[in-house]
Amino acid sequence: MRLASLESTQGQPIVALVDLDNENYWPVTDLLPGFTGDMIDLIRQLTEQGAQLGAPSGPGLPLSQTRPLAPISKPRRDCHRHPGRSRPCDGSTTFPEIG
């Protein structure tokens, strides 16, 4: 099983636990009561807050009724650090001098 970002049958983005072998999925909101958010929020809850996903129950929903989305829909910061093409996260064009 894997975690994935999907478009729900209502057209909304959701995070889900996916079983590719049986081609079904369970919304994380069914496995982690009170969860609202995207993949980054889920990772934070699982790692920083020690949250745990419940075991999926029932057959799940058919994967054929949804479509995959990018795992992380909106990067939290716009940073680029490529050799020769660096740009700081604040959008300026130069890095500040340090020390």
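What this report covers is the structure whose coordinates are included nearby. (Residues numbered from 1 in each chain as written. Predicted model: local features only at pLDDT ≥ 70, side-chain atom pairs only at ≥ 80, totals over all residues. Heavy atoms only, no water.)

### Digging into the sheet that holds strand β3 (residues 24–27)
So the rule is basically this: DSSP bridges decide pairing: two strands pair if at least two such bridges lie between them. Counting from the N terminus, the helices are the DSSP runs of H or I reaching at least four residues and the strands are the DSSP runs of E reaching at least two.
Read from one edge of the open sheet, 5 strands run β4-β3-β2-β1-β5, paired in antiparallel fashion. Bordering the open sheet on either side are β4 (61–62) and β5 (67–68), each of which pairs with just one other strand. Sheet topology note: the strand β1 (residues 2–7)/strand β2 (residues 13–19) ladder contains 6 bridges and is antiparallel. Across the sheet, residue E7 finds its bridge partner in β2, namely P13.

### Structural notes on the nonpolar core
Here is the rule: Here, the term nonpolar core denotes a set of buried Ala, Val, Leu, Ile, Met, Phe, Trp, Tyr and Cys residues that are joined through side-chain atoms within 4.5 Å. Summary of the burial criterion: residues with accessible area below 20% of their type's maximum are buried, those above 50% are exposed, and those between are partly exposed, where the area comes from a 1.4 Å probe applied to protein chains only. Residue contacts are defined here by distance: any two heavy atoms, one from each residue, within 4.5 Å place the two residues in contact.
In terms of nonpolar packing, the biggest core is built from 6 residues, these being V15, V28, L32, F35, M39 and L42. If we skip the residues at most four places from it in the chain, L42 touches L3, V15, V28, L32, F35 and L53. Formed by 5 residues, the second largest nonpolar core is a distinct cluster that contains L6, A16, V18 and L63.

### Focus: unusual backbone geometry
Even without glycine at this site, E23 takes up a positive phi of about 55 degrees. Its place among the elements puts E23 in the loop between β2 and β3. Given a relative accessible area of 55%, E23 falls into the exposed group.

### Remarks on the pattern of salt bridges
Cut-off, in case you're wondering: Whenever Lys or Arg places a side-chain nitrogen within 4 Å of a carboxyl oxygen from Asp or Glu, that contact is recorded as a salt bridge.
Counted according to the given criterion, the structure contains 1 salt bridge. Close ionic contact of R67 with E7 constitutes a salt bridge, the shortest N to O distance being 3.4 Å. Of this pair, R67 sits in strand β5 while E7 sits in strand β1, and the two are 60 residues apart along the sequence. Of the residues examined, R67 reaches a relative accessible area of 44% and is grouped as partly exposed. In this structure E7 comes out as partly exposed when scored by relative accessible area, which is 24%.

### A short note on the pairing of β2
Taken across its 7 residues, β2 has 5 buried, putting it largely inside the fold. Relative to β3, β2 is paired through 4 bridges, and the arrangement is antiparallel. Paired with L17 across the bridge in β3 is W26.

### Examining helix α2 (residues 39–47)
Note the threshold: Polar contacts, as counted here, are pairs of nitrogen or oxygen atoms within 3.5 Å of one another; within protein the pair requires one atom able to donate a hydrogen and one able to accept it, and residues that are adjacent in sequence qualify only if both atoms are side-chain atoms.
Among all positions in α2, only M39, I40, L42 and Q45 are buried. Buried-residue contacts for α2 involve β1, β2 and α1 (28–31). Residue D38 occupies the N-cap position of α2, its side-chain oxygen lying 3.2 Å from the main-chain nitrogen of I40.

### What to know about the environment of D19
Tracing the backbone through its elements, the reader meets D19 in strand β2. On the basis of relative accessible area, D19 is assigned to the buried category, the value being 11%. Separated by 44 residues in sequence, D19 and L63 have C-alpha atoms that sit 8.6 Å apart. Apart from the residues within four sequence positions on either side, D19 is in contact with M1, N24 and W26. Within the local environment of D19, its side chain forms a polar contact with the backbone nitrogen of D21, the two atoms lying 3.2 Å apart. Looking at D19, its side chain comes within polar contact range of the side chain of N22, at 2.8 Å.

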